[in-house]
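# Coordinate inspection notes
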Amino acid sequence: MTAKVGIIMGSQSDWSTMKFAAEVLDELGVSHEVRIVSAHRTPDRLWEYGKTAIDRGLQVIIAGAGGAAHLPGMMASKTRLPVIGVPVETRSLKGVDSLYSILQMPRGYPVATMAIGAGGAKNAGLMAVGILALSDPDLASRLDDWRAALSASIPEEPVDD
């Protein structure tokens, strides 16, 4: 099955955050691939990934990065596909540096930026599903069911622990 979503990250250490995007895609039955593509350490790999993404069948790219976090923006400069950025939490600045880096894109190269960390990665997966669901009625139905189940899981009244 051809991957519809590419999940890329700057390093192996980012996988502990980005795996949450993959789990959401798995849960909703969306084919995806996962790669390490560093903007700074493997720029040729980044260029090749971005240039070939459409021809390989990708429709959305989720890019997670920490620190300088140039990966999402650089990927947006190499493809017309929607790029969803996930700021990975860093030890020194808790991911705020990553968030600011991903948010501050120049005109013409937008990145849909999620929250810092695992929650942002989960929402990136859901955002990718939402984008794909625009042209896939079966996926739209699965997403609607997933959201209905989430809503149903929220109690109306609090209970003591």
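Summarised in this report is the structure supplied together with it. Throughout this document, residue positions are counted from 1 along each chain, in the order its sequence is written. The predicted origin of the model limits local features to residues at a pLDDT of at least 70 and limits the giving and counting of side-chain atom pairs to 80 or more, whereas totals for whole chains, interfaces and linings rest on all residues. Water and hydrogen atoms were dropped before computing side-chain values, which therefore reflect all heavy atoms in the structure.

This part takes up a nonpolar patch on the surface. Residues qualify for a patch when their relative accessible area is over 30% and they have no salt bridge, like charges being joined within 9 Å and the nonpolar side chains of Val, Leu, Ile, Met, Phe, Trp and Tyr within 5 Å. Accessible surface area values rest on a Shrake-Rupley calculation with a 1.4 Å probe, where residue burial reflects the displayed protein chains alone. By definition, a salt bridge exists where a carboxyl oxygen of Asp or Glu is found within 4 Å of a side-chain nitrogen of Lys or Arg. Together, V96, Y100 and L103 give the surface a local cluster of nonpolar side chains, amounting to about 290 Å² of exposed area. Numbered from the N terminus, helices here are DSSP runs of H or I no shorter than four residues, and strands are runs of E no shorter than two. On the secondary structure map, V96 appears in helix α4 (residues 96-103).

Further remarks concern the pairing of strand β2 (residues 32-36). Two strands qualify as a pair provided that DSSP identifies no fewer than 2 bridges between them. Two elements, strand β1 (residues 5-9) and β2, share 5 bridges in a ladder whose sense is parallel. Opposite I7, over in β2, you have V34 as the bridge partner. A crossover links β1 with its parallel partner β2, the connecting element being helix α1 (residues 15-27), and its sense is right-handed. We call a crossover right-handed when, viewed with the strands running away from us, the connection from the first strand over the helix to the second turns clockwise.

With that settled, the discussion passes to the nonpolar core. Residues enter a nonpolar core if they are buried and are Ala, Val, Leu, Ile, Met, Phe, Trp, Tyr or Cys, with the set joined through side-chain atoms within 4.5 Å. Only protein chains enter the area calculation, which uses a 1.4 Å probe; residues under 20% of their type maximum are buried, those over 50% are exposed, and those in between are partly exposed. Ranked by internal contacts, the top residues of the largest apolar core, which has 24 residues, are V5, I7, L25 and I62. At the level of secondary structure, the elements contributing two or more residues to this core comprise β1, α1, β3 (60-65), β4 (83-87), α5 (118-133) and α6 (137-152). Considering each element in turn, this core owes the most residues, 7 residues, to α5. By definition in these notes, contact holds between two residues if any of their heavy atoms fall within 4.5 Å. Once you skip the residues sitting within four places of it in the chain, I7 turns out to touch M18, A21, A22, L25, H32, E33, V34, R35, Y49 and I62.

Scanning the model with the defined rule gives 3 salt bridges in all. A salt bridge links K4 to D136; the shortest N-O distance between them is 3.7 Å. Here K4, found in the segment before β1, pairs with D136, found in the loop between α5 and α6; they are 132 residues apart in sequence, far enough to count as distant. Here R56 ties to E33 by a salt bridge, and the two come within 2.8 Å at their closest N and O atoms. Here R56, found in the loop between α2 (43-52) and β3, pairs with E33, found in strand β2; they are 23 residues apart in sequence, far enough to count as distant. A relative accessible area of 12% means that E33 is categorised as buried. By sharing partners, the salt bridges in this structure join E33, R35 and R56 into a single network.

Once that is clear, we can look at unusual backbone geometry. Phi at A69 takes a positive value of approximately 50 degrees, unusual for a residue other than glycine. When you line up the elements, A69 lands in the loop between β3 and α3 (71-78). Owing to a relative accessible area of 4%, A69 belongs among the buried residues under this scheme. Although it is not a glycine, K94 adopts a positive phi angle of roughly 60 degrees. Here K94 shows up in the loop between β4 and α4.

Here we take up the packing of aromatic side chains. Ring geometry is summarised as follows: Phe, Tyr and Trp rings, the Trp one being its six-membered ring, pair when their centres sit within 6.5 Å, and such pairs are stacked at plane angles under 30 degrees, edge-to-face over 60 and tilted between the two. Within this structure, the stated rule accounts for 0 aromatic pairs. We count a charge as sitting over a ring when the NZ of a lysine or the CZ of an arginine lies within 6 Å of the ring centre and within 35 degrees of the ring normal. A cation sits over an aromatic face here: R56 above Y49, 4.6 Å from the ring centre.

On to the sheet that holds strand β5 (residues 112-113). Read from one edge of the open sheet, 5 strands run β2-β1-β3-β4-β5, paired in parallel fashion. Bordering the open sheet on either side are β2 and β5, each of which pairs with just one other strand. Axis definition: a line fitted to C-alpha atoms, over the contacting stretch in the case of helices. Angles run 0 to 180 degrees between N-to-C directions. Lying over the sheet, α1 contacts β1, β2, β3 and β4, oriented at roughly 170 degrees with respect to β1. This element, α4, spans β3, β4 and β5 of the sheet and lies at about 160 degrees to β4.

As a further point, take the packing of α1 against α5. Where α1 contacts α5, the axes come no closer than 7 Å and their chain directions differ by 35 degrees. At the point where α1 passes α5, the crossing takes the right-handed sense. The segment α1 lies against α5, with T17, M18, F20, A21, V24 and L25 engaging A118, A121, K122, G125, L126, A128 and V129. When residues are sorted by character, Ala, Val, Leu, Ile, Met, Phe, Trp, Tyr, Cys and Pro go into the nonpolar class, Asp, Glu, Lys and Arg into the charged class, and all the rest, Gly among them, into the polar class. In terms of residue class, the contact of α1 with α5 is made up of 10 nonpolar, 2 polar and 1 charged. The handedness criterion is simple: a crossing whose near helix is rotated anticlockwise from the far helix by less than a right angle is left-handed, and one whose near helix is rotated clockwise is right-handed.

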